[in-house]
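The primary structure of each chain is shown beneath.
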Amino acid sequence: MAAYSEDQVAEEKSIVSGVSGRYATALFELALDSGALDAVEADLSRFTALLAESDDLTRLVRSPVFAAEDQLRAVTAVLAKAGIGGIVANFIKVAAGNRRLFVLPAMITDFGRLAAAHRGEVTAEVTSAEPLSEAATAALKDALKAKIGKDVTLVASVDPALIGGLVVKVGSRMVDTSLRSKLNSLKIAMKEVG
């Protein structure tokens, strides 16, 4: 077992919480103890990509309609086909067996936060109207690093309802430069004038 100082344990607890945090912390500690942190991150990224590509897999993960045995059988087949094994496969199977598969995306996000904190990085959640280009991602990372003073890991998501712009959340701070927010502010200002 890795030895943690009280400060490290307190820091981990403040980064993640709830069911997803407990599972993510257990996975993180197992990956760290096994010396497999990079491999676990890579497998989790591959599984996240599978979720993004498949509406059926997303429905399986999120839906409470499926029995635990059916979810376990299905994710076992998906993991085998994707070549994801070891710690991550066992972790996902435990989540399925415990009827916690619907929390898996949050567990993966929390694991990423723990891994980033371990490396001395800060995680920024970025939501954009369309996927960011590599150049935009690099520029955003550089801008955030200059502002925060630490390396930044981006967790990107897409929300077409934003119309344009970005919503960036780092810890408890959020910057919303989305066109949707600007239009809502304009609408409120126009109501106040009339």
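Residues numbered from 1 in each chain as written. Predicted model: local features only at pLDDT ≥ 70, side-chain atom pairs only at ≥ 80, totals over all residues. Heavy atoms only, no water.

### Concerning the sheet that holds strand 4 (residues 173–176)
Using the following cut-off: At least two DSSP bridges between two strands are required for those strands to pair. The way it works is that DSSP assigns letters per residue, a run of H or I at least four long becomes a helix, a run of E at least two long becomes a strand, and they are numbered from the N terminus. Angles shown run from 0 to 180 degrees and are taken between the N-to-C directions of axes, each axis being a line fitted to C-alpha atoms and, for helices, limited to the stretch in contact. Residue contacts are defined here by distance: any two heavy atoms, one from each residue, within 4.5 Å place the two residues in contact.
Strand order in the open sheet formed by four strands is 2-1-3-4, with mixed pairing between adjacent strands. If you trace the sheet from one side to the other, it starts and ends with strand 2 (152–158) and strand 4, each paired once. Sheet twist, expressed as the mean angle between neighbouring strand axes with direction ignored, is 15°. Where strand 1 (residues 122–128) and strand 2 come together, seven bridges link them in parallel fashion. Residue pairing in the sheet places Val-122 in a bridge with Val-152 of strand 2. Along the sheet face, helix 8 (residues 134–148) touches strand 1, strand 2, strand 3 (166–170) and strand 4 and points at about 130° away from the line of strand 2.

### Some details on the packing of aromatic side chains
Geometrically, a pair of aromatic rings is defined through the distance of the ring centres and the angle of the planes. Put simply, the test is: Aromatic pairs are defined between Phe, Tyr and Trp rings, using the six-membered ring for Trp, whenever the two ring centres lie within 6.5 Å; interplanar angles under 30 degrees are classed as stacked, those over 60 as edge-to-face, and all others as tilted. Partly exposed residues are those whose accessible area sits between 20% and 50% of the maximum for their type, while under 20% is buried and over 50% is exposed, using a 1.4 Å probe and protein chains only.
Counting across every chain of the model gives two aromatic pairs. Between Tyr-23 and Phe-91 the ring centres are 6.2 Å apart and the planes differ by 70°, which places this aromatic pair in the edge-to-face class. Of the two residues, Tyr-23 sits in helix 2 (residues 18–34) while Phe-91 sits in helix 6 (residues 86–97), which places them 68 residues apart along the sequence. Across the pair, exposure class does not vary: Tyr-23 and Phe-91 are buried alike.

### Points about the environment of Ala-96
Residue position: Ala-96 is located in helix 6. The exposure class assigned to Ala-96 is buried, which follows from its relative accessible area of 0%. Separated by 28 residues in sequence, Ala-96 and Ala-68 place their C-alpha atoms 6.0 Å apart. Discounting chain neighbours no more than four positions away, the residues touching Ala-96 are Ala-68, Gln-71, Leu-72, Val-75 and Leu-101.

### Thoughts on unusual backbone geometry
Phi at Arg-99 is positive, roughly 60°, even though this residue is not glycine. Mapped onto the secondary structure, Arg-99 falls in the loop between helix 6 and helix 7 (104–118). Positioned with a positive phi, Ile-163 is a non-glycine residue whose angle comes to about 70°. Its place among the elements puts Ile-163 in the loop between strand 2 and strand 3.

### Looking at helix 4 (residues 55–62)
We apply this condition: Arc definition: it is the arc formed by the directions from the helix axis to the C-beta atoms.
Those residues of helix 4 not exposed but buried are Leu-57, Leu-60 and Val-61. Down the axis, helix 4 shows its buried residues gathered within 95° of arc, on one side only. Projecting away from the buried face of helix 4 at angles above 90 degrees are the exposed residues Asp-55, Asp-56 and Arg-62. In this fold, the buried residues of helix 4 make contact with helix 3 (37–53), helix 5 (68–82) and helix 7.

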